[in-house]
Amino acid sequence: MMRHRRTVSSAKPVVVGTGLVALDVVIADNVRSDPILCAGGTCGNVLTALAWLGWDAYPIARLRSDAASKRIIEDLKSWDVKLDFVSLSSCGSTPVVVQHNHENGNGERSHKFSRRCPVCGNWLPWYKAVRAATVPELTQRLPKANVFYFDRTSRGAVTLAQNARQDGALVVFEPSAESEPHLLKAALAVAHVVKVASDRTAGNEDILDATTPLLLIETLGASGLRYSRRRVGRKRSWKTLPAFSVTAFRDAAGAGDWCTAGIISKLGQLGPKGLEAASGAQVQAALRRGQAMAAWTCHYDGPRGGMYVETRKTFDRAVDDIQSGKSRYDAKPTATRRRQRSAGTGWCQCCVASTR
């Protein structure tokens, strides 16, 4: 095993992750609105949220040097996400996800995702995984991590996870896409914590029967979540936790990412042995924190909309209120603290090319 280069001395815990880092294009209510542009994707959201929570967060991503990646980099920098391992080249690709938010005549809100430009209709770029051939060189440079996170199975991602596990990291796997069976098997074998949404189990059917992870979590949307811990000599059993109520619902996009960030923020520094020895109350407290953070983000448009409105202090207070149930949480979406970028279609390469 190659030794990892350690980071400069820091009191902050470290998370390294790979997976979907994308440009989110959030269109609120109608396609005529200027979209809100911000860094997103499952891995991008989880690591950015953790950076906001006080972690040193290092995403590993292969992006293309284009207008979309420029906005991603700008946004990630503003949240102090570490960009040492985000590459920009003609061989990369900058994923773009369009989110359309809607409200029906009954005032019920929903969203849907699209990979087509709402203006020109062309397919938008998609994800390219980290190359397995680059893993040895990356491993020599990566900081020693408390947590390694990945949301997609590829040979490169699994090998990075295996190296991080050997180096003492807690490995968290959250499949957000269908996995090839042999890579899913390898991912389940290396992960200490596996979290999956109930609507993502198709193509990942083996997850809920996995025997090796210390903690399995299945989120159930508005019904909450269920979880199962591995106990030596005991058969796995599942416990269910109800979701917290949302008093002024806007958008559920990103709720799962915030739940993951909350769980990691509470369990990530325990390490594998610490998690195995943790009490039931410790684990449940981490899960409840993640659920409260998921409820918090539902008060805002976009997966990380609340970060551009609230300070850390007001966020902590709001999540405490949600978790305790002592008071209603009143989101203030007009009190913008840090603006999200609004723009036309400069993020769509086809639209840009057509105007030249």
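Coordinates for the structure precede this section.
Bear in mind that the values here come from a model prediction, so they are computed numbers and not experimental data. (Residues numbered from 1 in each chain as written. Predicted model: local features only at pLDDT ≥ 70, side-chain atom pairs only at ≥ 80, totals over all residues. Heavy atoms only, no water.)

### Things to note about the nonpolar core
Part 1 of the reasoning: With 73 residues, the main nonpolar core has Trp296 and Trp347 as its most contacted residues.
Part 2 of the reasoning: Take this core: its biggest share by element is eight residues, from helix 8 (residues 280-297).
Part 3 of the reasoning: In terms of nonpolar packing, the next biggest core, distinct from the first, is built from 31 residues, Val14, Phe85, Leu188 and Val196 among them. (Core = buried A, V, L, I, M, F, W, Y, C linked by side-chain atoms within 4.5 Å. Buried < 20%, exposed > 50% of the residue type's maximum accessible area, 1.4 Å probe, protein only. Helix = DSSP H or I, 4+ residues; strand = E, 2+ residues; numbered from the N terminus.)

### Observations regarding the pairing of strand 10 (residues 193-197)
Part 1 of the reasoning: Here strand 10 lies mainly inside the structure; four of its five residues are buried.
Part 2 of the reasoning: By the bridge criterion, two bridges tie strand 9 (residues 170-173) to strand 10 in an arrangement that is parallel. Looking across to strand 10, one finds that Val172 is bridged to Val193.
Part 3 of the reasoning: Read as a crossover between parallel neighbours, the route from strand 9 over helix 5 (residues 181-190) to strand 10 is right-handed.
Part 4 of the reasoning: Where strand 10 meets strand 11 (residues 215-219), five bridges bridge the pair, whose relative direction is parallel. If you follow Lys195 over to strand 11, its bridge partner there is Ile217. (Pairing = 2+ DSSP bridges. Right-handed = clockwise from strand over helix to strand, strands pointing away.)

### Thoughts on the pattern of salt bridges
Part 1 of the reasoning: Considering all chains together, one arrives at 16 salt bridges under this definition.
Part 2 of the reasoning: Put simply, Arg304 and Asp75 hold a salt bridge, and the shortest N to O gap is 2.8 Å. Taken together, the positions of Arg304 in the loop between helix 8 and helix 9 (312-324) and Asp75 in helix 2 (residues 67-78) put the pair 229 residues apart, joining distant regions of the chain. For the pair formed by Arg304 and Asp75, the shared burial category is buried.
Part 3 of the reasoning: Asp151 serves as the salt-bridge partner of Arg152, at 3.4 Å between the closest nitrogen and oxygen. The same class applies to Arg152 and to Asp151, which are both buried.
Part 4 of the reasoning: Three or more residues are tied together by salt bridges with common partners; here these are Lys12, Asp56, Asp80 and Lys82. (Salt bridge = Lys/Arg side-chain N within 4 Å of Asp/Glu carboxyl O.)

### Digging into the packing of helix 8 against helix 9
Relative orientation and spacing of two packed helices are given, respectively, by the angle between their axes and the distance between those axes.
Part 1 of the reasoning: In the contact formed by helix 8 and helix 9, the axes pass within 9 Å of each other and the chain directions differ by 110°. As summarised for this structure, helix 8 and helix 9 are arranged roughly perpendicular, according to the angle between their axes. Every pair of crossing elements has a handedness; the one defined by helix 8 and helix 9 is right-handed. Between helix 8, through Ala285, Arg288, Arg289, Ala292, Met293, Ala295 and Trp296, and helix 9, the contact on the second element is made entirely by Phe315, Asp316, Ala318, Val319, Asp320, Ile322 and Gln323.
Part 2 of the reasoning: Partitioned by chemical class, the residues of the contact of helix 8 with helix 9 number nine nonpolar, one polar and four charged. (Axes fitted to C-alpha atoms, helices over the stretch in contact; angles between N-to-C directions. Parallel < 35°, antiparallel > 145°, perpendicular 65-115°, else oblique. Left-handed = near helix turned anticlockwise from the far one by under 90°. Contact = heavy atoms within 4.5 Å. Nonpolar A, V, L, I, M, F, W, Y, C, P; charged D, E, K, R; others polar.)

### Remarks on helix 8
Part 1 of the reasoning: Under the 1.5 Å per step criterion, the end-to-end length of helix 8 is 26 Å for 18 residues, consistent within 8% with the ideal 26 Å.
Part 2 of the reasoning: Most of helix 8 is tucked away, with 13 of its 18 residues classed as buried. (Expected span 1.5 Å × (residues − 1).)

### Quick look at unusual backbone geometry
Part 1 of the reasoning: A positive phi is found at Asp80, a non-glycine position, where the angle reads about 65°.
Part 2 of the reasoning: Topologically, Asp80 is positioned in the loop between helix 2 and strand 5 (86-88).
Part 3 of the reasoning: By relative accessible area, which is 40% here, Asp80 ends up partly exposed.

### Concerning helix 5
Part 1 of the reasoning: Of all the residues in helix 5, the buried ones are Leu183, Leu184, Ala186, Ala187, Leu188 and Val190.
Part 2 of the reasoning: Buried positions along helix 5 lie against strand 8 (147-150), helix 4 (155-166), strand 9 and strand 10.

### With respect to the side chain of Thr42
Part 1 of the reasoning: With respect to the helices, strands and loops of the structure, Thr42 is situated in helix 1 (residues 42-52).
Part 2 of the reasoning: Given the relative accessible area of 12%, Thr42 is considered buried.
Part 3 of the reasoning: Each residue touching Thr42, except ones within four places of it in the same chain, is listed here: Leu20, Tyr149, Asp151, Glu174, Ser176 and Asp257.

### What about a negative patch on the surface?
Part 1 of the reasoning: Taken together, the side chains of Glu178, Glu205, Asp206 and Asp209 define an acidic patch exposed on the protein surface.
Part 2 of the reasoning: By secondary structure assignment, the location of Asp206 is in the loop between strand 10 and strand 11. (Patch = residues over 30% accessible without salt bridge, like charges linked within 9 Å, V, L, I, M, F, W, Y side chains within 5 Å. Areas by Shrake-Rupley, 256 points an atom, 1.4 Å probe, with all protein chains shown as cover. Lys, Arg positive; Asp, Glu negative; His and termini not counted. Charge placed at Lys NZ, Arg CZ, Asp CG, Glu CD.)

### Digging into the packing of helix 6 (residues 255-267) against helix 8
Part 1 of the reasoning: Where helix 6 meets helix 8, the axes come as close as 7 Å, and the angle between the chain directions of the two elements is 145°. In the crossing of helix 6 with helix 8, the sense of the turn from one axis to the other is right-handed. Residues Ala255, Trp258, Cys259, Ala261, Gly262, Ile263, Lys266 and Leu267 of helix 6 touch helix 8, and the partners they reach there are Gln282, Val283, Ala286, Leu287, Arg289, Gly290, Gln291, Met293, Ala294, Trp296 and Thr297.
Part 2 of the reasoning: Here the residues of the contact of helix 6 with helix 8 sort into twelve nonpolar, five polar and two charged.

### Some points on the sheet that holds strand 4 (residues 56-63)
Part 1 of the reasoning: What the nine strands build is an open sheet, ordered 5-4-1-8-9-10-11-12-13; its pairing is mixed. Each edge of the open sheet carries a strand with a single partner, namely strand 5 and strand 13 (239-241). Here the average twist between neighbouring strands, direction ignored, is 20°.
Part 2 of the reasoning: Relative to strand 9, helix 5 is tilted by about 140°, and along the sheet it contacts strand 8, strand 9 and strand 10.
Part 3 of the reasoning: Docked against the sheet, helix 8 engages strand 11, strand 12 (225-229) and strand 13, running at close to 150° with respect to strand 12.

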